[in-house]
Amino acid sequence: MKTILVIGGTGAQGIPVVKALSSDSQYAIRVLTRDPTSPESTQLSALPNVTLIQGNTYSEPTLRHALRDGAIDTIFANTNGFAIGEKAEIYWGIRLYELAREYRVRHFIYAGLEYASKLGGFDPKYRCGHLDAKGKVVEFLSAQPTTPMTWSVLTSCMYVEALTEFLRPVPDPKDPGLLVFAVPLGQGKCPLIYLEDYGRYVRWMVDHPGDSSGLVLHVATEDIGWGELVETFRELTGKRAVYRDVSLEEYFSSGIFRIPEAKVGRAMDSGDDTLVTYRENFSGFWNTWKDDLTKRDYALLDRILPTRVKSIREWMELVGYTGKHAPVLKDYQGKAKEVVEQRVVV
Ligand SMILES: NC(=O)c1ccc[n+]([C@@H]2O[C@H](COP(=O)([O-])OP(=O)(O)OC[C@H]3O[C@@H](n4cnc5c(N)ncnc54)[C@H](OP(=O)(O)O)[C@@H]3O)[C@@H](O)[C@H]2O)c1
């Protein structure tokens with residue numbers, strides 16, 4: 001039985017990965033977490049062949065402890081850039097790779113994101129710390145050989161589940177029966193990924209190390225414009241709803257972030273000048289989607305995962321989406337609450 005070490009396994013992204021890996025008892029899964037008693041940890045430890053390892057991912061002794069017996073065949077790593085910031089995320093992505101080589105891991109799977117700055121020709125309007133950090137680690141990985149340890153990257157995008165949290169509609173204060181989806185996206189299209197499918201892509205990579213060797217796979221359910229998204233929502237729910245294409249200024253003054261000037265990477269030194277603010281970070285983020293800088297190969301995704309959810313409409317039908325609030329990110333329930341407000345006042 002192959003053993004897989006999962007970094008970030010207790011998060012919104014990691015839970016479906018662990019579930020997909022443990023679904024048929026083919027793999028032994030070890031999940032690193034700071035808190036083995038959290039609800040997420042408890043849920044995971046009840047799954048077959050899942051063991052929790054207590055420790056802080058961003059600490060070399062912890063990582064050496066997790067790798068010490070030489071039993072790990074595969075690592076899936078989703079580092080948390082929101083918690084640690086751009087600089088530390090670049091460091092730990094590369095360091096994890098190096099440690100994996102040192103401990104003779106066979107397959108290193110990295111949870112990547114788009115290198116927004118590079119896609120935008122390094123125009124500062126696209127600079128986004130949490131995208132760029134992972135994008136830079138992907139550049140590093142892409143320069144590495146695929147033997148003796150192979151590597152694969154799953155470049156994702158916003159979770160479609162964010163439509164119940166970060167992206168959810170709020171009632172118009174002047175017309176409470178009207179739901180407003182307010183984002184600074186213009187007529188751009190934004191890729192969204194259904195997390196259960198995300199877990200199944202990781203499972204495919206683990207099952208097929210040969211096919212996924214050296215592959216940077218950009219996954220999403222669909223690239224969708226908000227006009228179409230809201231129209232689909234209206235059609236399926238019968239609710240009154242509008243897409244409000246807000247400016248970045250309006251977006252940040254709406255209360256989406258309690259403290260837009262707070263630094264992304266609060267788990268590290270908040271006085272670190274290299275950390276960007278939420279305002280800077282999410283300006284680059286939305287500009288990237290607004291200007292359609294990214295592209296997915298949906299024909300390839302269909303071949304890899306023929307049963308994938310293929311549209312946001314299909315997802316809305318599958319989960320019975322109503323626009324109602326439901327928590328998604330683990331961090332949003334914890335420390336990030338200090339800076340992240342989820343209530344948008346339009
Ligand atoms: N939100 C999105 O739509 C989206 C989309 C694609 C990629 N991402 C990326 O995914 C990463 C976040 O993962 P997630 O979405 O699964 O978030 P999440 O639900 O908030 O989970 C956070 C994860 O990070 C772990 N972690 C380790 N050290 C931490 C620390 N010091 N502070 C906070 N958490 C810590 C947590 O583990 P324990 O608490 O158990 O230790 C948990 O597994 C970010 O890098 C983000 O850029 C997010």
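Residues numbered from 1 in each chain as written. Predicted model: local features only at pLDDT ≥ 70, side-chain atom pairs only at ≥ 80, totals over all residues. Heavy atoms only, no water.

- Under an unreviewed UniProt entry, the name given to the protein is NAD(P)-binding protein, and the organism recorded is Aspergillus ellipticus CBS 707.79.
- Its UniProt record, at the heading Sequence similarities (unreviewed entry), says of the protein: "Belongs to the NmrA-type oxidoreductase family." (UniProt positions renumbered as here; feature names shortened; annotations may be inferred.)

1. Thoughts on the nonpolar core
- Ranked by internal contacts, the top residues of the largest apolar core, which has 77 residues, are Leu163, Phe166, Leu192, Trp226 and Trp286.
- When residues of this core are sorted by domain, at least three fall in each of domain 1 (2-158 + 191-218) and domain 2 (160-190 + 223-293 + 311-338).
- Listed in part, the 29 residues of the second largest apolar core include Ala66, Leu67, Ala77 and Phe108. (Core = buried A, V, L, I, M, F, W, Y, C linked by side-chain atoms within 4.5 Å. Buried < 20%, exposed > 50% of the residue type's maximum accessible area, 1.4 Å probe, protein only. Domains from an automatic or database assignment.)

2. Describing the site of the ligand
- Around the ligand sit 26 residues in total, of which Thr10, Thr33, Tyr159, Lys330 and Asp331 are the nearest.
- In this structure, Thr33 approaches the ligand through a side-chain N or O atom, which is 2.5 Å from an oxygen atom.
- One of the side-chain N or O atoms of Asn80 is found 3.1 Å from an oxygen atom in the ligand.
- When the ligand sits alone it has 900 Å² of accessible area, and the protein chains cover 93% of it.
- Where the shell around the ligand is concerned, the elements lending two or more residues are helix 4 (81-102), helix 6 (129-142), strand 7 (158-159) and helix 13 (330-333).
- Here the element with the most residues in the shell around the ligand is helix 4; it accounts for four residues.
- Summarising the domain contributions, the shell around the ligand has at least three residues from each of domain 1 (2-158 + 191-218) and domain 2 (160-190 + 223-293 + 311-338). (Near = heavy atom within 4 Å. Polar contact = N/O pair within 3.5 Å; in protein donor to acceptor, adjacent residues only side chain to side chain. Areas by Shrake-Rupley, 256 points an atom, 1.4 Å probe, with all protein chains shown as cover. Helix = DSSP H or I, 4+ residues; strand = E, 2+ residues; numbered from the N terminus.)

3. Remarks on the environment of Met149
- You can see Met149 is positioned in the loop between helix 6 and strand 6 (150-155).
- In this structure the C-alpha to C-alpha distance between Met149 and Thr57, which are 92 residues apart in sequence, comes to 21 Å.

4. Focus: the domain arrangement of the protein
- Each assigned domain of the protein is listed here: domain 1 (2-158 + 191-218) and domain 2 (160-190 + 223-293 + 311-338).
- The C-alpha centroid of domain 2 is placed 25 Å from the C-alpha centroid of domain 1.
- At the interface, 33 residues of domain 1 touch 39 residues of domain 2.
- In total, domain 1 and domain 2 occlude about 2900 Å² of area from one another, counting both sides; carbon and sulfur atoms represent 66% of this. (Contact = heavy atoms within 4.5 Å. Buried area = accessible area lost by both parts, 1.4 Å probe.)

5. Quick look at the packing of helix 8 (residues 226-237) against helix 12 (residues 312-319)
- Two elements in contact, helix 8 and helix 12, have axes whose closest approach is 10 Å; the angle formed by their N-to-C orientations is 35°. Considering only the axes of helix 8 and helix 12, their crossing is right-handed. Each of Leu229, Thr232, Phe233, Glu235 and Leu236 in helix 8 lies in contact with helix 12, whose residues at this interface are Ile312, Arg313, Met316 and Glu317.
- Residue composition of the contact of helix 8 with helix 12, grouped by class: five nonpolar, one polar and three charged. (Axes fitted to C-alpha atoms, helices over the stretch in contact; angles between N-to-C directions. Left-handed = near helix turned anticlockwise from the far one by under 90°. Nonpolar A, V, L, I, M, F, W, Y, C, P; charged D, E, K, R; others polar.)

6. Quick word on the packing of aromatic side chains
- The full count for this structure, using the stated rule, is 22 aromatic pairs.
- For the ring pair Phe166 and Phe282, a centre distance of 5.6 Å and an interplane angle of 55° mean the geometry is tilted. A residue pair is termed long-range when its members are at least 10 positions apart, and Phe166 in the loop between strand 7 and strand 8 (170-172) and Phe282 in helix 10 (residues 278-290) qualify at 116 residues.
- The class for Phe166 is buried, based on a relative accessible area of 11%.
- Note on Phe282: relative accessible area 4%, which makes it buried.
- A ring pair is formed by Phe285 and Trp289, whose centres lie 5.7 Å apart and whose planes are at 85°; its orientation type is edge-to-face. Taken as a pair, Phe285 and Trp289 lie in helix 10 at a separation of four residues, close to a single helical turn. (Phe/Tyr/Trp six-rings, centres within 6.5 Å; stacked < 30°, edge-to-face > 60°.)

7. Describing the sheet that holds strand 12 (residues 222-225)
- Across the sheet, three strands lie side by side as 7-10-12; this open sheet has mixed pairing. Since the sheet does not close on itself, it has two edges, and those belong to strand 7 and strand 12, each with one partner.
- As paired elements, strand 7 and strand 10 (residues 189-193) share two bridges and run parallel to each other. By the bridge assignment, Met158 is partnered in strand 10 with Leu192.
- Together, strand 10 and strand 12 form the strand contacts of helix 8, whose direction differs from that of strand 12 by roughly 90°. (Pairing = 2+ DSSP bridges.)

8. Here's the deal with helix 8
- Compared with an ideal rise of 1.5 Å per residue, which puts twelve residues at 16 Å, helix 8 spans 16 Å between its outermost C-alpha atoms and is within 8% of the ideal.
- Residues of helix 8 that are buried include every one of Trp226, Leu229, Val230, Thr232 and Phe233, and no others. Down the axis of helix 8, the sector holding all buried residues measures 155°, keeping them to one side.
- Looking at the packing, one finds that the buried side of helix 8 touches strand 9 (175-183), strand 10, strand 12, strand 13 (241-245) and helix 12.
- Positive phi shows up at Gly238, right after helix 8, with a value of about 75°. (Expected span 1.5 Å × (residues − 1). Arc of directions from axis to C-beta.)

9. Thoughts on the pattern of salt bridges
- Evaluation of the coordinates by the stated rule reveals 21 salt bridges.
- A salt bridge links Arg127 to Glu86; the shortest N-O distance between them is 2.7 Å. With Arg127 in the loop between helix 5 (116-119) and helix 6 and Glu86 in helix 4, this pair connects stretches of sequence that are 41 residues apart.
- The closest approach of N and O atoms between Arg296 and Glu114, which form a salt bridge, is 2.7 Å. Taken together, the positions of Arg296 in the loop between helix 10 and helix 11 (298-304) and Glu114 in the loop between strand 5 (107-112) and helix 5 put the pair 182 residues apart, joining distant regions of the chain.
- Residue Arg296 is classed as buried on the basis of its relative accessible area of 8%.
- Put simply, Glu60, Arg64, Arg95, Glu98 and Glu102 are held in one network by salt bridges that share partners. (Salt bridge = Lys/Arg side-chain N within 4 Å of Asp/Glu carboxyl O.)

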